[in-house]
Amino acid sequence: MSPRRAGLRRSSTLIFRRRLIIFRQLFREESSSEMLLSVVNQHLNHDGYPDNQEIALKHDLNALKHEYNCKIRMNRKTGHYQLMDVGDFAILDLSQESRDALNFLESNYNDDSVLAAFVNIQNLLRQVKMLIPGHTQRNLPMPVLLRNPGRQVTTLDKRTLNTVRKAIDNQQQLEFEYLSNFEVSSARRHIVAPYSIFFRDGHGYLEAVVLSTTPQGHVPPLATAEFRIDRIVLRSAKMLPGSNPLVRPPQRVYRIVYHLPPEVARRRDLAEFFTNQQNTYHEDGSATVTADVYNLWTTRQILLRYGGACRVSEPAELIQMFRETAMQLAAQYITE
């Protein structure tokens, strides 16, 4: 075989560089033919195209579509080319840890937010996901959620966290020993159906449906509970052969109602902490809030942020919790 001439090698390299520049430009933003030609010439010192630039550009776009499997379409309204799929340029075959991080961001900075900073993160995530091969996107694990995370004050055992995460991904039952505030010295053995991991107030939590507890604790079977991952006894977490229930047992939903005075609500900009929250503002500037919650203990902690300005009227269980809290605070602060 005769040696390849240097001119052909240069030509082939130039064409590849040109197409790569076009791909990068379309990946950043939709672009017109004029914009693509300008970017190519700028990067290649006006030596990127022969005389018939428009025809050569068409060849390059067709090559990206047919040789690299990119999906490029023309937006007839704007006259710009749009990159819909990167094809063979999907080169980010991410590690499990990186996929966890990506899913964490996607779950907590979702498309429902309109904050400018969140929108920028959403755009970044969309671009990163375009570069992930299709099989990696389909296998993204269950999300790790962010709920008022605070500063992390504990270090999670990596082995425990990996076991919990694997059980969630495989939808398998999980067994572990757990030391809560109710147990001073001895741990309880739990078998649960794990569903998600989230971070709140500086701690990592496992949300799971309790299948059994030995000895019996205060959480009844088939109830949803939140377990602090750092309180799972080291090396006690293990996956069991059993699968999670085909249909997750429904969580008990509490309908809460609370009232806020004018000094809190008159500007009609109350924070929305809960699911299905509805704020009803009154003529005197006060507000009545209704919402659905699953955890009364967490609900009480949130509403205590209002200090003495919040008055709960439903449900009876939450009212009793506030009464007990008020009595405990009185015992701490009221002196004879």
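Residues numbered from 1 in each chain as written. Predicted model: local features only at pLDDT ≥ 70, side-chain atom pairs only at ≥ 80, totals over all residues. Heavy atoms only, no water.

**Details of the overall build of the chain**
Defined as follows: Helix numbers and strand numbers start at the N terminus; a helix is a DSSP run of H or I with at least 4 residues, a strand a run of E with at least 2. Summary of the burial criterion: residues with accessible area below 20% of their type's maximum are buried, those above 50% are exposed, and those between are partly exposed, where the area comes from a 1.4 Å probe applied to protein chains only. By the convention used here, residues are in contact when the closest approach between their heavy atoms is within 4.5 Å. Calculation of accessible area relied on Shrake-Rupley with a 1.4 Å probe; when residues are assessed, cover is drawn exclusively from the protein chains displayed.
Assigned secondary structure in the chain consists of 10 helices and 12 strands. In the chain, buried positions account for 40% of the 336 residues. The long-range fraction of contacts in the chain, counting pairs at least 24 apart against all pairs at least 6 apart in sequence, stands at 58%. Counting every atom, the chain has about 20800 Å² of accessible surface; 52% of that belongs to carbon and sulfur.

**Things to note about the nonpolar core**
This is how it is decided: Grouping buried Ala, Val, Leu, Ile, Met, Phe, Trp, Tyr and Cys residues that are joined through side-chain atoms within 4.5 Å yields what is termed a nonpolar core.
With 24 residues, the main nonpolar core has Ile22, Phe23, Leu26, Leu61, Ile72, Leu83 and Val86 as its most contacted residues. For this core, the elements supplying multiple residues, two or more each, are helix 1 (6-28), helix 2 (33-43), helix 3 (53-66) and strand 2 (80-85). Take this core: its biggest share by element is 6 residues, from helix 1. If we skip the residues at most four places from it in the chain, Leu61 touches Ile22, Leu26, Leu36, Ile72 and Tyr81. Formed by 20 residues, the second largest nonpolar core is a distinct cluster that contains Ala287, Val289, Leu303 and Val312.

**A look at unusual backbone geometry**
The omega torsion of the bond from Thr214 to Pro215 falls at -10°, within 30 degrees of zero and hence cis. Summarising the element assignment, Pro215 is placed in the loop between strand 6 (203-214) and strand 7 (224-228). The peptide bond linking Glu314 to Pro315 adopts the cis configuration, its omega dihedral lying at -5°. Structurally, Pro315 is set in the loop between strand 12 (311-314) and helix 10 (316-333). Notably, Gln171 is not glycine yet its phi reads approximately 55°, a positive angle. In this fold, Gln171 is placed in the loop between helix 7 (158-170) and strand 4 (172-178). Among the residues examined, Gln171 registers a relative accessible area of 52% and is labelled exposed.

**Details of the side chain of His203**
Basically, it comes down to this: Distance and chemistry together define a polar contact, namely a pair of N or O atoms within 3.5 Å, with one atom able to donate a hydrogen and the other to accept it when in protein, and with adjacent residues in sequence counting only for side-chain atoms on both sides.
Here His203 shows up in strand 6. Residue class for His203 comes out buried when judged on its relative accessible area of 13%. A distance of 3.4 Å separates polar atoms of two side chains, one belonging to His203 and the other to Arg228.

**Some thoughts on the packing of helix 9 (residues 296-303) against helix 10**
Geometrically, a packed helix pair is captured by the angle between its two axes and the distance between the axes. This is how the line gets drawn: Axis definition: a line fit to C-alpha positions, over the contact stretch in the case of helices; interaxial angles, taken between N-to-C directions, run 0 to 180 degrees. Oblique is the label for any angle not under 35 degrees, not over 145, and not in the 65 to 115 range, which are roughly parallel, roughly antiparallel and roughly perpendicular in turn. Left-handed describes a crossing whose near helix is turned anticlockwise from the far helix by less than a right angle; the clockwise case is right-handed. Note on residue categories: nonpolar means Ala, Val, Leu, Ile, Met, Phe, Trp, Tyr, Cys or Pro, charged means Asp, Glu, Lys or Arg, and polar means any other residue, Gly included.
Running from N to C, helix 9 and helix 10 cross one another at 55°; their axes reach a closest spacing of 10 Å. Between helix 9 and helix 10, the angle falls in the class oblique. At the point where helix 9 passes helix 10, the crossing takes the right-handed sense. Across the interface between the two elements, Leu296, Trp297, Thr299, Arg300 and Leu303 of helix 9 pack against Glu317, Leu318, Met321, Phe322 and Thr325 of helix 10. Here the contact of helix 9 with helix 10 is built from residues that sort into 6 nonpolar, 2 polar and 2 charged.

**Quick look at the environment of Glu175**
For Glu175, the position within the fold is in strand 4. Counting along the chain gives 17 residues from Glu175 to Val192, while the straight-line C-alpha distance between them is 6.5 Å. Side chain to side chain, Glu175 and Arg189 meet in a polar contact 2.3 Å long.

**A few points about the environment of Glu207**
Among the structural elements, Glu207 can be located in strand 6. Between the alpha carbons of Glu207 and Ile229 there is a distance of 9.9 Å; along the sequence they are 22 residues apart. Within the local environment of Glu207, its side chain forms a polar contact with the side chain of Arg248, the two groups lying 3.3 Å apart.

**Details of helix 7**
Selection rule: Expected span of a helix: the number of residues minus one, times 1.5 Å.
In this model, helix 7 (13 residues) spans 18 Å end to end at C-alpha, consistent with the 18 Å of a helix rising 1.5 Å per residue. Along helix 7, the residues that are buried comprise Thr160, Thr163, Val164, Arg165, Ala167 and Ile168. A positive backbone phi angle near 55° is found at Gln171, which sits one or two residues after helix 7.

**Some remarks on the pattern of salt bridges**
What counts, and what does not: Should a side-chain nitrogen of Lys or Arg be within 4 Å of a carboxyl oxygen of Asp or Glu, the pair is scored as a salt bridge.
Within this structure, the stated rule accounts for 10 salt bridges. For the salt bridge of Arg19 with Asp60, the shortest nitrogen-to-oxygen distance reads 2.8 Å. Of this pair, Arg19 sits in helix 1 while Asp60 sits in helix 3, and the two are 41 residues apart along the sequence. Of the two residues examined, Arg19 and Asp60, each falls in the buried class. For Arg165, the salt bridge identified is with Asp169, shortest N-O distance 3.5 Å.

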